[in-house]
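Working through the structure, step by step
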Amino acid sequence: MQISPLALRVRSLSSFTLGPCRRLRSYSSGGATDLRVRARDRITQIDSRTPLPNLVDSFKRKHDYLRISLTERCNLRCFYCMPNEGVQLSPAEHILTDDEVLRLAALFVRSGVTKIRLTGGEPTVRKGLGTLIKRLDSLRSLGLTSIAMTSNGLALHRRLPELIESGLTHLNLSLDTLDPFKFEVMTRRLGHDAVLKSLDVALSSGGLQSVKLNVVVVKGLNDSEVLDFVELTRNRDLSVRFIEFMPFSGNKWDRNKVLPSAELLALIRERHPAIEQVQTVPSDTARLWKVPGHKGGVGFISSMSDQFCLSCNRLRITADGKIKVCLFDAKEISLRDEMRRGADDGKLLEIVRSAVWGKKEKHAGSLLCTRSNLRGIRPQYLSSLLYPLPLSAGPQLRNIQRSVLLLGSAIAAIRASHSVATRLASNCVQRQSSTRSATDEPQLTHIDATGQPSMVDVSSKEVTQRSATAVGHIYIPKIAYNLILGMDSQLAHHPQPSHERAWAKSLSKGPVLTVAQLAAIMGCKRTPELIPLCHPLPLSNISVTLAPEAAPQDGRMQHPDHWLPFRIRCTATVTSEGKTGVEMEALTAVSIGLLTVWDMLKAIAGKDMIIGNIMVSHKSGGRSGSFVREEGK
C-alpha cells in the first residue's frame, strides 16, 4: 500500500502535536522537562531562520556590512596603527569564542547583513580560522552572500587555498611599500617576500571574487611609490586602494603627513591622463578609477579629506565582543557580557538596534584633523631617502640605506629646535612691533613676519656658480683605526682574542670608508627631504673623501675615560648652478658619511666613538660672497 507525501506530512505533524500530549501522563517529571527542552530547541531552530527587520539608523542608513575582529594580536608592528610601546591585550578569556562569533554573526545576518569581513589585529593568527570560516559559510541560507578578510599576508600564502575552500570569497591585503627595506622600517618586522607570495597565490587561486591591495599613503614616506602601485594593475586583476593616513591613539598622526586623494589622483593623471572613474554603489568606501588598457583598477579611500559617512553601511564587533557603530566613536557596548549573562537573541537584538539608532551622522575624524596638534617626527619617515633596491642587492648597498636612517634622531632634533625657534621668533616679532623696526637687527630668514616657518623666496636671484665644502671628524680608538687600515691598505692587523667576534662582524659589513662615501653622496642628493625649508637644487658635482689619520696632539677628543688618538676626516665639496647656496648639502653629506662610519664600526667601538667639529670650511658664489674658514676657528 502506497502512502502519499501529503499523508506522510500529516502523520508526522500529528505525531509531533498529539503524540507527546498522550504520553505526558505516563512520563516522569524528568521526561517532561526533557521534552520541553527539545521543543524549545526546535522553536529556536525555526526562529533562527526567520528574517528580522533590517538595521537602520536615525539617518535612514541601512547596515548590511559587518566587520568582526577575531583577535587583538598582530605579527607586524606598523607604526601608523600601533604605538612603539605596543598595546595592552585583553586576557584570552575576554575574546569571543567561535560559538559566540557564530551566534552574533547569525543574528546580524538575520537582520539584513549580507557581507561579513574578518579583521584583527591579524586574523590569521587566530587558531581554527578555517573551521570558523566554514561555520560562517553555513549562514548563506540566511542571506549571507560574501565572507571577506583583511590580512597583512605575512602567514597567509600556505593557508589561503584552505580558507577559500572553506568559504572565503574576498581578500584585502595590506602592503604599503614595494621596497623590502622600507617594509622593514614601516612594519618593524621582516616579511616583504611573504606578503608578495600571498598576493601571487590570491591572484592565481581562481576561487576569490576579488583581491584588493590596501596602501596607507604617508606624505614623505611612501608617496613616491604611488605610480609603481598603479603599474601593478596593468596585467593583474587587482584593485589597489590608496588610503589616507588616519589618526589613531598613539600613532603620532600629523595632518601634514596626510596626502589627500585629490592630489594622488592628480599625480596619477599626469602619467595616465586617460584614467576614468568607475561607477560604484553609494556605500562603497573607495571611489574607483581605471586606466584604459589595465586589467585592474585603483581606488581612493578618503577618510580625512572626503568623508563617506552619509552612505556608511558598516558595523563592527571587536575581538572582545563590543559593538562599535563607528570606528571613531569611543562608545562601545559589550554583547559578550550580555551573552555570558544568559541574554537571548531578542535582548541582544534590542541592544544592537539601540546602538545603531544612536549612530552619529558623521565621524569625528574631521575634528581630529582640525584640533590635533601632534607633530611627532618618526625616524621611519627618513626611509623616503632610499631608492627601492632589488632583492638581489648586496649587503653593502643595504648598509648604505640603513646608515641614512641614523639621521632620524638628528632630524627630529633639528625640527624640534626649528619649532622652538618659531615660537621664539614669534615672541620677538610681537615685542619688536611696538618698539622698533624689524630691520634694526639680523632676522631669521626662514621665519615670516608672523613667526611662522617660510621658505625663502629666491625667484629674484640670479643663477650663479656656487660651491661649498664641509668637513667633520669621527674620533675612534686604536682597534677601529687598525681595522680600517687592514681593509684599505692590506696591512695585517690581528685583534685580541676578546675582540675577534666583534672584529669579524664589522668586517662582514664591507669596506667602511667606501660604504660611508656612497652613503654621503646619497644623502647629499636628498637634502631637501631631510632639512625643513631647504630648496631642491640641481647638483653639478659631489665629491666626498674619508681619510683615517692620527689626531694632532692638540686636536684629540677627550672621552670620559681616555683620549681618542685617531680620527677619520670626512670632506665633502658640492657644486651647483643655482639661485641659492649648497652649504646644507655639503653639511648633510659629511653628517651622513660620519654616521655611516659609526654604524659600520659600532660592533667594536660603539662606546668609544665621538663625532664632532662639523662645519663649513669654504663657500663661494652668491650675494654674500666667498669665505674660507680655518679649522678650529
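Residues numbered from 1 in each chain as written. Predicted model: local features only at pLDDT ≥ 70, side-chain atom pairs only at ≥ 80, totals over all residues. Heavy atoms only, no water.

**Topic: the nonpolar core**
This is how it is decided: Working definition of a nonpolar core: buried Ala, Val, Leu, Ile, Met, Phe, Trp, Tyr and Cys residues. They are joined through side-chain atoms within 4.5 Å. Only protein chains enter the accessibility calculation, which uses a 1.4 Å probe; a residue whose area is less than 20% of its type maximum is buried, one above 50% is exposed, and one in between is partly exposed. Strands are runs of DSSP state E lasting at least two residues, helices are runs of H or I lasting at least four, and both sets are numbered from the N terminus onward. Contacts are assigned to residue pairs with any non-hydrogen atoms lying within 4.5 Å of each other.
With 86 residues, the main nonpolar core has Phe-108, Ile-116, Leu-118, Leu-213 and Phe-242 as its most contacted residues. Among the elements that line this core, the one with the most residues is helix 4 (residues 98–110), at eight residues. What Phe-108 contacts, discounting residues up to four positions off in sequence, is Leu-55, Leu-66, Val-113, Leu-315, Ile-317, Ile-323, Leu-335 and Val-352. Core analysis: the next-biggest nonpolar cluster, separate from the first, contains 36 residues, Ala-470, Tyr-481, Cys-570 and Ala-572 among them.

**Re the pairing of strand 12 (residues 314–317)**
Keep this limit in mind: Each pair of strands is called paired provided DSSP finds at least two bridges between the two strands.
Residues Arg-314 and Arg-316 point to one face of strand 12 and Leu-315 and Ile-317 to the other, with burial holding for every one of them. Judged from the four bridges that link them, strand 3 (residues 65–69) and strand 12 form a sheet pairing that is parallel. Across the sheet, the residue bridging to Arg-67 is Arg-316, located in strand 12. Note that strand 12 and strand 13 (residues 322–324) share two bridges and pair antiparallel. From the neighbouring strand, Ile-317 faces strand 13, where its bridge partner is Ile-323. Where strand 12 hands over to strand 13, the hairpin turn is made up of four residues, of which Gly-321 adopts a positive phi near 85 degrees.

**What about the sheet that holds strand 13?**
Strand order in the open sheet made by the twelve strands is 9-10-11-8-7-6-5-4-3-12-13-14, with mixed pairing throughout. Each edge of the open sheet is held by one strand with a lone partner, namely strand 9 (276–277) and strand 14 (333–334). One ladder, built from five bridges, connects strand 8 (residues 239–244) with strand 11 (residues 297–301); its direction is parallel. Along strand 11, the bridge assignment pairs Ser-239 with Gly-297.

**Considering the side chain of Thr-119**
Residue position: Thr-119 is located in strand 4 (residues 115–119). Setting aside its immediate chain neighbours within four residues, Thr-119 contacts Arg-67, Ile-68, Ser-69, Leu-70, Thr-71 and Thr-150.

**Considering the packing of aromatic side chains**
The description of an aromatic ring pair rests on the distance of the ring centres and on the angle between the ring planes. What counts here: Here is the rule: rings of Phe, Tyr and Trp (six-membered ring for Trp) pair when centre to centre is within 6.5 Å. Planes less than 30 degrees apart are stacked, more than 60 are edge-to-face, and the remainder are tilted.
Here the structure, examined in full by the defined rule, presents three aromatic pairs. Their ring planes at 80 degrees and their centres at 6.4 Å tell us that Phe-229 and Phe-242 sit as a pair that is edge-to-face. Here Phe-229, found in helix 9 (residues 226–231), pairs with Phe-242, found in strand 8; they are 13 residues apart in sequence, far enough to count as distant. According to the relative accessible area criterion, Phe-229 is buried, its value standing at 1%. Measuring from ring centre to ring centre gives 6.0 Å for Phe-242 and Phe-300, while their planes differ by 35 degrees; the resulting arrangement is tilted. With a gap of 58 residues between them, Phe-242 in strand 8 and Phe-300 in strand 11 connect regions that are remote in the sequence. One aromatic cluster in this structure is built from Phe-229, Phe-242 and Phe-300.

**Observations regarding the side chain of Arg-241**
Along the chain, the position of Arg-241 falls in strand 8. Residue Arg-241 is classed as buried on the basis of its relative accessible area, which comes to 9%. The residues contacting Arg-241, other than those within four sequence positions of it, are Asn-172, Lys-212, Leu-213, Asn-214, Val-215, Thr-285, Ala-286, Gly-299 and Ile-301.

**Quick notes on the pattern of salt bridges**
Threshold: What makes a salt bridge here is a side-chain nitrogen of Lys or Arg within 4 Å of a carboxyl oxygen of Asp or Glu, nothing more.
On inspection of all chains with the given rule, the structure shows 16 salt bridges. Asp-320 is the partner of Lys-322 in a salt bridge, and the nearest nitrogen-oxygen pair spans 2.8 Å. Note on accessibility: Lys-322 and Asp-320 belong to one class, buried. Here the salt bridges do not stand alone but share partners, grouping Arg-103, Arg-110 and Asp-345 into one network.

**A word on the packing of helix 4 against helix 12 (residues 345–357)**
Our working definition: Fitted lines through C-alpha atoms give the axes, limited to the stretch in contact for helices. The angle between two N-to-C directions lies from 0 to 180 degrees. Oblique is the label for any angle not covered by the other classes, which are roughly parallel (under 35 degrees), roughly antiparallel (over 145) and roughly perpendicular (65 to 115). Throughout, a crossing is termed right-handed when the near helix is turned clockwise from the far one, and left-handed when it is turned anticlockwise from it by less than a right angle.
Following both chains from N to C, one finds helix 4 and helix 12 inclined at 65 degrees, their axes separated by 11 Å at the closest point. With respect to their mutual orientation, helix 4 and helix 12 come out roughly perpendicular. Crossing of helix 4 against helix 12: the hand is right-handed. Between helix 4 and helix 12, the residues in contact are Arg-103, Leu-104, Leu-107, Phe-108 and Arg-110 and Asp-345, Leu-348, Leu-349 and Val-352, respectively.

**Observations regarding unusual backbone geometry**
Cis geometry is found at the peptide bond from Gly-120 to Gly-121, where omega equals 10 degrees. Relative to the elements of secondary structure, Gly-121 occurs in the loop between strand 4 and helix 5 (129–137). With phi around 60 degrees, Asn-613 is a residue other than glycine that occupies positive phi space. Locating Asn-613 in the fold gives a position in strand 20 (residues 610–620).

**Remarks on the confidence of the model for the protein**
Put simply, the test is: Looking at any residue, its pLDDT shows the predictor's confidence there, from 0 to 100.
Residues with a pLDDT of 70 or more make up 68% of the protein, whose mean pLDDT is 77. This stretch, residues 400–441, has a pLDDT under 50; its non-local contacts, to residues over four places away or in other chains, come to 59 contacts.

**As for the pairing of strand 5 (residues 146–151)**
The condition that has to hold: A clockwise course of the path from the first strand over the helix to the second, judged with the strands pointing away from the viewer, identifies a crossover as right-handed.
Among the six residues of strand 5, six are classified as buried, and the element is accordingly described as predominantly covered. The alternating pattern of strand 5 places Ser-146, Ala-148 and Thr-150 on one face and Ile-147, Met-149 and Ser-151 on the opposite face, and all of these are buried. Relative to strand 5, strand 4 runs parallel, the two being bridged by four bridges. Bridge assignment links Arg-117 to a residue of strand 5, and that residue is Ala-148. Read from strand 4 through helix 5 to strand 5, the crossover connection turns out right-handed. Direction of pairing for strand 5 relative to strand 6 (residues 170–174): parallel, over a ladder of four bridges.

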